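# Commentary on secondary and tertiary structure
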Amino acid sequence: MVIIPKNTTDQKVHVNISGVGVGSCNIKLNSSSEELGNLSGVFVRVQVVHSEALSIIIIIVGWIYFAAWSVSFYPQVILNFRRKSVVGLNFDFLGYNITGFIAYSCFNIGLYWIEPVWDEYQKLHPYGVNPVLLNDVFFSIHAVILCTITILQALIYDRGGQKVSWVCKIILILAWVFIIICLVITAASKQTVLNWLDFLYMFSYVKLAVTLIKYMPQAYMNYRRKSTDGWSIGNVLLDFTGGAFSLLQMFLLAYNNNDWASIFGDPTKFGLGVFSIAFDILFIIQHYVLYRNHDPEHRYPEINEKASLINNKTREKNGISSSMGSGEFEGIDPDN
(Lines give C-alpha, C1' and ligand atoms only; values in the text may rest on other atoms or scores of the structure.)
Protein backbone atom coordinates (compact mmCIF):
# COMPACT_ATOMS: atom_id res chain seq x y z
CA MET A 1 0.00 0.00 0.00
CA VAL A 2 1.25 3.48 -0.93
CA ILE A 3 0.02 6.45 1.18
CA ILE A 4 0.28 9.99 -0.17
CA PRO A 5 0.30 12.75 2.50
CA LYS A 6 -2.55 15.24 2.61
CA ASN A 7 -2.25 18.41 0.46
CA THR A 8 0.58 16.88 -1.56
CA THR A 9 0.39 17.96 -5.20
CA ASP A 10 3.86 17.43 -6.64
CA GLN A 11 4.89 14.08 -5.17
CA LYS A 12 5.42 11.26 -7.65
CA VAL A 13 4.85 7.69 -6.67
CA HIS A 14 6.74 4.83 -8.30
CA VAL A 15 5.39 1.33 -7.95
CA ASN A 16 7.71 -1.55 -8.79
CA ILE A 17 6.00 -4.76 -9.85
CA SER A 18 7.72 -8.10 -10.31
CA GLY A 19 5.99 -10.92 -12.10
CA VAL A 20 6.27 -14.16 -10.17
CA GLY A 21 3.70 -16.11 -12.16
CA VAL A 22 1.16 -15.93 -14.94
CA GLY A 23 -2.00 -14.09 -13.96
CA SER A 24 -3.34 -10.59 -13.35
CA CYS A 25 -3.81 -8.08 -10.54
CA ASN A 26 -5.55 -4.74 -10.15
CA ILE A 27 -3.91 -1.67 -8.60
CA LYS A 28 -6.67 0.42 -7.03
CA LEU A 29 -6.82 4.07 -5.98
CA ASN A 30 -8.72 5.22 -2.90
CA SER A 31 -9.10 8.67 -1.40
CA SER A 32 -10.60 10.15 1.75
CA SER A 33 -11.02 13.52 0.07
CA GLU A 34 -14.62 14.53 -0.59
CA GLU A 35 -13.45 16.71 -3.48
CA LEU A 36 -12.17 13.74 -5.43
CA GLY A 37 -15.29 11.72 -4.75
CA ASN A 38 -15.54 7.98 -5.28
CA LEU A 39 -12.43 6.57 -6.97
CA SER A 40 -13.39 2.91 -6.74
CA GLY A 41 -13.61 2.76 -10.52
CA VAL A 42 -10.03 3.97 -10.99
CA PHE A 43 -7.61 1.08 -11.31
CA VAL A 44 -4.74 -0.29 -13.36
CA ARG A 45 -4.72 -3.94 -14.41
CA VAL A 46 -1.36 -5.68 -14.62
CA GLN A 47 -1.34 -8.79 -16.76
CA VAL A 48 1.44 -11.37 -16.82
CA VAL A 49 1.31 -13.84 -19.72
CA HIS A 50 3.32 -16.83 -20.86
CA SER A 51 4.37 -15.27 -24.15
CA GLU A 52 4.07 -11.85 -25.75
CA ALA A 53 4.40 -13.45 -29.18
CA LEU A 54 1.44 -15.68 -28.37
CA SER A 55 -0.58 -12.56 -27.48
CA ILE A 56 0.03 -11.26 -31.01
CA ILE A 57 -0.99 -14.64 -32.49
CA ILE A 58 -4.20 -14.50 -30.44
CA ILE A 59 -5.06 -11.11 -31.98
CA ILE A 60 -4.38 -12.46 -35.50
CA VAL A 61 -6.54 -15.53 -34.82
CA GLY A 62 -9.33 -13.22 -33.64
CA TRP A 63 -9.28 -11.24 -36.87
CA ILE A 64 -9.25 -14.45 -38.93
CA TYR A 65 -12.46 -15.80 -37.36
CA PHE A 66 -14.06 -12.35 -37.47
CA ALA A 67 -13.35 -12.13 -41.22
CA ALA A 68 -14.48 -15.72 -41.87
CA TRP A 69 -17.80 -15.26 -40.05
CA SER A 70 -18.43 -11.88 -41.71
CA VAL A 71 -17.81 -13.24 -45.23
CA SER A 72 -19.75 -16.48 -44.57
CA PHE A 73 -23.09 -14.80 -45.37
CA TYR A 74 -22.15 -13.93 -48.95
CA PRO A 75 -21.83 -17.37 -50.65
CA GLN A 76 -25.54 -18.14 -50.02
CA VAL A 77 -26.63 -14.73 -51.32
CA ILE A 78 -24.47 -15.15 -54.43
CA LEU A 79 -25.71 -18.72 -55.01
CA ASN A 80 -29.35 -17.61 -54.78
CA PHE A 81 -28.69 -14.75 -57.21
CA ARG A 82 -27.02 -17.02 -59.77
CA ARG A 83 -29.74 -19.69 -59.58
CA LYS A 84 -32.61 -17.19 -59.30
CA SER A 85 -33.95 -19.75 -56.86
CA VAL A 86 -33.93 -20.52 -53.13
CA VAL A 87 -35.07 -24.13 -53.54
CA GLY A 88 -32.92 -26.18 -51.19
CA LEU A 89 -32.55 -23.38 -48.64
CA ASN A 90 -34.72 -24.04 -45.62
CA PHE A 91 -37.04 -21.17 -44.64
CA ASP A 92 -37.10 -22.16 -40.97
CA PHE A 93 -33.35 -21.62 -40.90
CA LEU A 94 -33.85 -18.13 -42.33
CA GLY A 95 -36.41 -17.29 -39.66
CA TYR A 96 -34.25 -18.56 -36.80
CA ASN A 97 -31.12 -16.93 -38.19
CA ILE A 98 -32.47 -13.39 -38.51
CA THR A 99 -34.19 -13.63 -35.11
CA GLY A 100 -30.93 -14.68 -33.49
CA PHE A 101 -28.90 -11.90 -35.06
CA ILE A 102 -31.51 -9.22 -34.31
CA ALA A 103 -31.37 -10.30 -30.66
CA TYR A 104 -27.55 -10.35 -30.79
CA SER A 105 -27.49 -6.85 -32.31
CA CYS A 106 -29.79 -5.47 -29.60
CA PHE A 107 -27.53 -6.91 -26.91
CA ASN A 108 -24.34 -5.54 -28.48
CA ILE A 109 -25.73 -2.09 -29.22
CA GLY A 110 -27.21 -1.77 -25.75
CA LEU A 111 -24.06 -2.77 -23.89
CA TYR A 112 -21.70 -0.80 -26.14
CA TRP A 113 -23.56 2.47 -26.70
CA ILE A 114 -26.19 2.93 -23.97
CA GLU A 115 -24.47 4.49 -20.96
CA PRO A 116 -27.01 3.51 -18.22
CA VAL A 117 -26.63 -0.13 -19.26
CA TRP A 118 -22.85 0.11 -19.10
CA ASP A 119 -23.13 1.70 -15.64
CA GLU A 120 -25.17 -1.29 -14.48
CA TYR A 121 -22.53 -3.63 -15.88
CA GLN A 122 -19.75 -1.79 -14.04
CA LYS A 123 -21.62 -2.15 -10.76
CA LEU A 124 -21.65 -5.91 -11.20
CA HIS A 125 -18.10 -6.08 -12.57
CA PRO A 126 -16.18 -3.10 -11.13
CA TYR A 127 -12.84 -4.29 -12.52
CA GLY A 128 -14.19 -5.78 -15.70
CA VAL A 129 -13.90 -4.51 -19.24
CA ASN A 130 -16.72 -4.19 -21.70
CA PRO A 131 -17.17 -7.63 -23.31
CA VAL A 132 -18.68 -6.00 -26.41
CA LEU A 133 -16.26 -4.33 -28.82
CA LEU A 134 -17.00 -2.18 -31.85
CA ASN A 135 -16.28 -5.07 -34.24
CA ASP A 136 -18.95 -7.13 -32.40
CA VAL A 137 -21.49 -4.37 -33.07
CA PHE A 138 -20.45 -4.14 -36.70
CA PHE A 139 -20.59 -7.92 -37.19
CA SER A 140 -24.09 -8.30 -35.72
CA ILE A 141 -25.57 -5.39 -37.71
CA HIS A 142 -23.86 -6.66 -40.87
CA ALA A 143 -25.34 -10.13 -40.21
CA VAL A 144 -28.87 -8.70 -39.90
CA ILE A 145 -28.48 -6.86 -43.22
CA LEU A 146 -27.29 -9.99 -45.06
CA CYS A 147 -30.02 -12.14 -43.47
CA THR A 148 -32.59 -9.57 -44.61
CA ILE A 149 -31.23 -9.69 -48.17
CA THR A 150 -31.46 -13.50 -48.16
CA ILE A 151 -35.09 -13.33 -46.98
CA LEU A 152 -35.90 -10.82 -49.75
CA GLN A 153 -34.41 -13.28 -52.23
CA ALA A 154 -36.71 -15.96 -50.81
CA LEU A 155 -39.67 -13.68 -51.52
CA ILE A 156 -38.83 -12.90 -55.16
CA TYR A 157 -37.03 -16.04 -56.42
CA ASP A 158 -38.40 -19.51 -57.13
CA ARG A 159 -39.00 -21.21 -53.80
CA GLY A 160 -40.79 -24.38 -54.90
CA GLY A 161 -43.85 -23.80 -52.75
CA GLN A 162 -41.83 -23.87 -49.55
CA LYS A 163 -43.17 -22.05 -46.47
CA VAL A 164 -42.07 -21.45 -42.91
CA SER A 165 -43.28 -24.35 -40.76
CA TRP A 166 -45.83 -23.94 -37.98
CA VAL A 167 -43.28 -25.17 -35.45
CA CYS A 168 -40.88 -22.40 -36.45
CA LYS A 169 -43.64 -19.77 -36.38
CA ILE A 170 -44.71 -20.78 -32.87
CA ILE A 171 -41.13 -20.75 -31.56
CA LEU A 172 -40.41 -17.32 -33.04
CA ILE A 173 -43.68 -15.88 -31.73
CA LEU A 174 -42.92 -17.22 -28.25
CA ALA A 175 -39.41 -15.74 -28.40
CA TRP A 176 -40.62 -12.24 -29.23
CA VAL A 177 -43.55 -12.45 -26.77
CA PHE A 178 -40.95 -13.32 -24.12
CA ILE A 179 -38.92 -10.21 -25.06
CA ILE A 180 -42.01 -7.96 -25.01
CA ILE A 181 -43.09 -9.28 -21.60
CA CYS A 182 -39.60 -8.62 -20.20
CA LEU A 183 -39.67 -5.11 -21.67
CA VAL A 184 -43.03 -4.36 -20.04
CA ILE A 185 -41.83 -5.72 -16.68
CA THR A 186 -38.64 -3.64 -16.84
CA ALA A 187 -40.45 -0.43 -17.75
CA ALA A 188 -43.48 -0.89 -15.46
CA SER A 189 -41.45 -1.87 -12.39
CA LYS A 190 -39.05 1.05 -12.91
CA GLN A 191 -36.17 -1.45 -12.88
CA THR A 192 -37.00 -2.87 -9.45
CA VAL A 193 -37.69 -6.35 -10.86
CA LEU A 194 -35.50 -6.23 -13.96
CA ASN A 195 -33.04 -3.48 -14.84
CA TRP A 196 -32.05 -2.63 -18.40
CA LEU A 197 -28.94 -4.81 -18.20
CA ASP A 198 -31.10 -7.79 -17.17
CA PHE A 199 -33.43 -6.98 -20.06
CA LEU A 200 -30.51 -7.02 -22.52
CA TYR A 201 -29.43 -10.40 -21.21
CA MET A 202 -32.85 -11.73 -22.29
CA PHE A 203 -31.79 -11.02 -25.88
CA SER A 204 -28.65 -13.08 -25.35
CA TYR A 205 -30.77 -15.98 -24.06
CA VAL A 206 -32.91 -15.81 -27.20
CA LYS A 207 -29.76 -15.83 -29.34
CA LEU A 208 -28.42 -18.88 -27.49
CA ALA A 209 -31.69 -20.78 -27.79
CA VAL A 210 -32.00 -20.03 -31.51
CA THR A 211 -28.41 -21.10 -32.17
CA LEU A 212 -29.16 -24.50 -30.65
CA ILE A 213 -31.94 -25.28 -33.12
CA LYS A 214 -31.41 -23.19 -36.24
CA TYR A 215 -29.39 -25.77 -38.22
CA MET A 216 -31.71 -28.70 -37.55
CA PRO A 217 -34.36 -27.90 -40.22
CA GLN A 218 -31.70 -27.49 -42.92
CA ALA A 219 -29.96 -30.75 -42.02
CA TYR A 220 -33.28 -32.61 -42.06
CA MET A 221 -34.27 -31.01 -45.37
CA ASN A 222 -30.98 -32.15 -46.94
CA TYR A 223 -31.69 -35.67 -45.64
CA ARG A 224 -35.22 -35.71 -47.13
CA ARG A 225 -34.05 -34.45 -50.51
CA LYS A 226 -30.88 -36.57 -50.45
CA SER A 227 -29.10 -33.49 -51.75
CA THR A 228 -27.47 -30.23 -50.64
CA ASP A 229 -28.41 -28.51 -53.89
CA GLY A 230 -29.36 -24.91 -53.05
CA TRP A 231 -27.51 -24.89 -49.70
CA SER A 232 -24.16 -23.13 -50.08
CA ILE A 233 -21.18 -25.19 -48.98
CA GLY A 234 -19.12 -21.99 -49.01
CA ASN A 235 -21.25 -20.68 -46.16
CA VAL A 236 -20.61 -23.89 -44.21
CA LEU A 237 -16.85 -23.94 -44.79
CA LEU A 238 -16.45 -20.30 -43.73
CA ASP A 239 -18.64 -20.84 -40.68
CA PHE A 240 -16.57 -23.89 -39.76
CA THR A 241 -13.37 -21.86 -40.18
CA GLY A 242 -14.71 -19.07 -37.98
CA GLY A 243 -15.91 -21.48 -35.30
CA ALA A 244 -12.66 -23.46 -35.25
CA PHE A 245 -10.51 -20.34 -34.94
CA SER A 246 -12.85 -18.95 -32.27
CA LEU A 247 -12.36 -22.05 -30.13
CA LEU A 248 -8.62 -21.96 -30.84
CA GLN A 249 -8.46 -18.38 -29.57
CA MET A 250 -10.35 -19.35 -26.40
CA PHE A 251 -7.80 -22.09 -25.62
CA LEU A 252 -4.82 -19.86 -26.48
CA LEU A 253 -6.14 -17.11 -24.22
CA ALA A 254 -6.78 -19.56 -21.39
CA TYR A 255 -3.25 -20.94 -21.65
CA ASN A 256 -1.49 -17.60 -22.08
CA ASN A 257 -3.31 -16.04 -19.11
CA ASN A 258 -3.50 -19.24 -17.05
CA ASP A 259 -7.24 -18.69 -16.85
CA TRP A 260 -8.94 -21.97 -17.77
CA ALA A 261 -12.09 -20.79 -16.01
CA SER A 262 -12.68 -18.52 -19.01
CA ILE A 263 -13.50 -21.70 -20.98
CA PHE A 264 -14.94 -24.15 -18.52
CA GLY A 265 -16.42 -21.42 -16.35
CA ASP A 266 -18.65 -20.44 -19.28
CA PRO A 267 -19.84 -23.81 -20.64
CA THR A 268 -22.66 -22.17 -22.59
CA LYS A 269 -20.36 -20.22 -24.92
CA PHE A 270 -17.96 -23.14 -25.29
CA GLY A 271 -20.78 -25.64 -25.83
CA LEU A 272 -22.48 -23.52 -28.50
CA GLY A 273 -19.20 -23.19 -30.38
CA VAL A 274 -18.71 -26.95 -30.40
CA PHE A 275 -22.40 -27.48 -31.32
CA SER A 276 -22.17 -25.18 -34.36
CA ILE A 277 -18.97 -26.85 -35.55
CA ALA A 278 -20.62 -30.27 -35.19
CA PHE A 279 -23.42 -29.20 -37.55
CA ASP A 280 -20.88 -27.74 -39.99
CA ILE A 281 -19.14 -31.13 -40.05
CA LEU A 282 -22.51 -32.81 -40.68
CA PHE A 283 -23.19 -30.48 -43.63
CA ILE A 284 -19.73 -31.14 -45.03
CA ILE A 285 -20.33 -34.92 -44.83
CA GLN A 286 -23.74 -34.51 -46.47
CA HIS A 287 -22.28 -32.42 -49.31
CA TYR A 288 -19.03 -34.28 -50.04
CA VAL A 289 -19.85 -37.85 -48.98
CA LEU A 290 -23.51 -38.80 -48.56
CA TYR A 291 -25.12 -36.77 -51.34
CA ARG A 292 -22.15 -35.96 -53.56
CA ASN A 293 -23.35 -35.10 -57.09
CA HIS A 294 -26.89 -36.18 -56.15
CA ASP A 295 -29.84 -34.51 -57.80
CA PRO A 296 -32.55 -33.80 -55.24
CA GLU A 297 -35.07 -36.62 -55.11
CA HIS A 298 -37.82 -34.25 -54.04
CA ARG A 299 -37.23 -30.82 -55.50
CA TYR A 300 -40.67 -29.67 -54.47
CA PRO A 301 -41.75 -32.05 -51.65
CA GLU A 302 -45.16 -30.47 -51.09
CA ILE A 303 -46.02 -30.38 -54.79
CA ASN A 304 -44.82 -33.95 -55.34
CA GLU A 305 -46.96 -35.25 -52.50
CA LYS A 306 -50.07 -33.55 -53.92
CA ALA A 307 -49.30 -34.80 -57.42
CA SER A 308 -48.88 -38.34 -56.11
CA LEU A 309 -52.28 -38.21 -54.42
CA ILE A 310 -53.94 -36.93 -57.60
CA ASN A 311 -52.33 -39.66 -59.71
CA ASN A 312 -53.39 -42.36 -57.27
CA LYS A 313 -57.00 -41.13 -57.26
CA THR A 314 -57.00 -41.01 -61.08
CA ARG A 315 -55.68 -44.56 -61.34
CA GLU A 316 -58.20 -45.86 -58.83
CA LYS A 317 -61.00 -44.16 -60.75
CA ASN A 318 -59.89 -45.89 -63.96
CA GLY A 319 -59.65 -49.24 -62.17
CA ILE A 320 -55.89 -49.39 -62.30
CA SER A 321 -53.90 -50.19 -59.17
CA SER A 322 -51.82 -47.30 -57.96
CA SER A 323 -49.04 -49.71 -57.05
CA MET A 324 -48.31 -50.52 -60.73
CA GLY A 325 -45.15 -48.98 -62.14
CA SER A 326 -45.17 -46.84 -65.25
CA GLY A 327 -43.55 -49.60 -67.30
CA GLU A 328 -46.51 -51.95 -66.66
CA PHE A 329 -48.79 -49.78 -68.84
CA GLU A 330 -46.74 -50.27 -71.98
CA GLY A 331 -48.16 -53.70 -72.83
CA ILE A 332 -51.83 -52.93 -72.15
CA ASP A 333 -54.19 -52.68 -75.07
CA PRO A 334 -56.49 -49.72 -74.41
CA ASP A 335 -59.33 -51.44 -76.40
CA ASN A 336 -59.41 -54.44 -73.99
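Computed from a prediction, not measured in an experiment: that's the story for all the values here.

Right, let's get into a nonpolar patch on the surface. On the surface, Y112, W113, I114, L134, I141, I145 and I149 cluster together into a nonpolar patch covering about 640 Å² of accessible area. With four residues, the single largest contributor to the nonpolar patch is helix α5 (residues 134-156). With respect to the helices and strands, the residue I114 is situated in the loop between α3 (91-113) and α4 (115-124). The class for I114 is partly exposed, based on a relative accessible area of 41%.

Right, let's talk about α4 for a bit. Inspection of α4 places V117, E120 and Y121 among the buried residues, and these make up the whole buried set. The buried residues of α4 occupy an angular sector of 100° when projected down its axis, which confines them to one face. Turned more than 90 degrees from where α4 packs its buried face, E115, P116 and K123 sit exposed. Buried positions along α4 lie against α3 and α7 (196-213).

This paragraph deals with the nonpolar core. By size, the foremost hydrophobic cluster in this structure holds 21 residues, and its most contacted members are F107, L111, I179, F203 and V206. For this core, the secondary structure elements donating two or more residues are α3, α4, α6 (166-188) and α7. It is α7 that contributes the most residues to this core, seven residues altogether. Discounting chain neighbours no more than four positions away, the residues touching L111 are V117, W118, Y121, N130, P131, V132, L197 and L200. L89, Y157, W231 and F279 belong to the second largest nonpolar core, which has 14 residues in total.

Summed over all chains, the structure comprises 22 aromatic pairs. Seen from their ring centres, Y215 and F283 are 6.0 Å apart, and the 65° between their planes marks the pair as edge-to-face. Taken as a pair, Y215 in the loop between α7 and α8 (216-225) and F283 in helix α11 (residues 267-290) lie far apart in primary sequence, 68 residues in all. F283 sits in the buried class, given a relative accessible area of 1%.

What counts, and where the lines are drawn
Residues numbered from 1 in each chain as written. Predicted model: local features only at pLDDT ≥ 70, side-chain atom pairs only at ≥ 80, totals over all residues. Heavy atoms only, no water. Patch = residues over 30% accessible without salt bridge, like charges linked within 9 Å, V, L, I, M, F, W, Y side chains within 5 Å. Areas by Shrake-Rupley, 256 points an atom, 1.4 Å probe, with all protein chains shown as cover. Salt bridge = Lys/Arg side-chain N within 4 Å of Asp/Glu carboxyl O. Helix = DSSP H or I, 4+ residues; strand = E, 2+ residues; numbered from the N terminus. Buried < 20%, exposed > 50% of the residue type's maximum accessible area, 1.4 Å probe, protein only. Arc of directions from axis to C-beta. Contact = heavy atoms within 4.5 Å. Core = buried A, V, L, I, M, F, W, Y, C linked by side-chain atoms within 4.5 Å. Phe/Tyr/Trp six-rings, centres within 6.5 Å; stacked < 30°, edge-to-face > 60°.

Any functional reading would require information that these geometric values do not contain.
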